[in-house]
Amino acid sequence: MTPKTYGEFELNLKHKVPPEEWSDALKSLWFDAKGDWEASHNIAQDLHSQMGSWIHAYLHRKEGDEWNAGYWYGRANKPFPDCSLEEELKVLVEANL
């Protein structure tokens, strides 16, 4: 079942894999929250949507590649954020609930 809150999303981080029925976007964010940037990025780069571009941007921002992140924020029609990465992750998760 898809979580209804960020807190419910966090409860699922105790599992070894994300729930099968979750969207790919939410699975990508789950892997990132678990510390697996590569798995998260592999999913995000195959999401050909505004949300996929936003997640992709966030991941490159987290990686420290501001130029690449800026490109993907542009593709997502989002400004480069001035919040913390933790805050942006929460916003991204909530946008996918």
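Everything in this summary refers to the structure shown in the same document. Numbering of residues starts from 1 in every chain and runs along the sequence as written. Only residues with pLDDT of 70 or above have their local features reported here, since the model is predicted, and side-chain atom pairs are shown and tallied only from 80 upward, although totals for entire chains, interfaces and linings are computed over all residues. Think of the side-chain values as coming from all heavy atoms in the structure, minus any hydrogens and water.

### Observations regarding helix α2 (residues 24–33)
Counted residue by residue, α2 has 8 buried out of 10 residues, so it is predominantly covered. To sort residues, take the accessible area from a 1.4 Å probe on protein chains only and compare it with the maximum for the residue type: under 20% means buried, over 50% means exposed, and anything in between is partly exposed. A run of H or I in DSSP becomes a helix once it reaches four residues, and a run of E becomes a strand once it reaches two; helices and strands are each numbered from the N terminus. Residues Ala25, Leu26, Lys27, Ser28, Leu29, Trp30, Phe31 and Asp32 constitute the buried set of α2. By definition, residues are in contact when any of their heavy atoms lie within 4.5 Å. Tucked into the core, α2 has its buried residues touching α1 (6–11), α3 (37–44), α4 (50–63) and α6 (85–95). Looking one or two residues past α2, glycine 35 carries a phi angle of roughly 90 degrees, positive in sign.

### What to know about the packing of α2 against α6
Look at α2 against α6: their axes get within 10 Å of each other, and the N-to-C directions meet at 155 degrees. The orientation of α2 relative to α6 falls into the category roughly antiparallel. The two elements α2 and α6 cross, and the hand of that crossing is left-handed. Taken together, the residues of α6 that come into contact with α2 (itself represented by Leu26, Leu29, Asp32 and Ala33) are Leu89, Leu92 and Val93. Amino acid classes used here: Ala, Val, Leu, Ile, Met, Phe, Trp, Tyr, Cys and Pro are nonpolar; Asp, Glu, Lys and Arg are charged; the rest, including Gly, are polar. In the contact of α2 with α6, the residues fall into 6 nonpolar, no polar and 1 charged. Fitting a line to C-alpha atoms yields each axis, with helices limited to the stretch in contact; the angle taken between N-to-C directions then spans 0 to 180 degrees. Here roughly perpendicular refers to angles of 65 to 115 degrees, roughly parallel to angles under 35, roughly antiparallel to angles over 145, and oblique to all remaining angles. Take the far helix as your reference; a near helix turned counterclockwise from it by less than a right angle gives a left-handed crossing, and one turned clockwise gives a right-handed crossing.

### Some details on the pattern of salt bridges
Salt bridges are identified by distance alone: a Lys or Arg side-chain nitrogen within 4 Å of an Asp or Glu carboxyl oxygen. Applying the stated rule across the entire model yields 3 salt bridges. For lysine 27, the salt bridge is made with glutamate 20, and the minimal N-O distance between the two is 3.8 Å. For lysine 27, a relative accessible area of 13% corresponds to the buried category.

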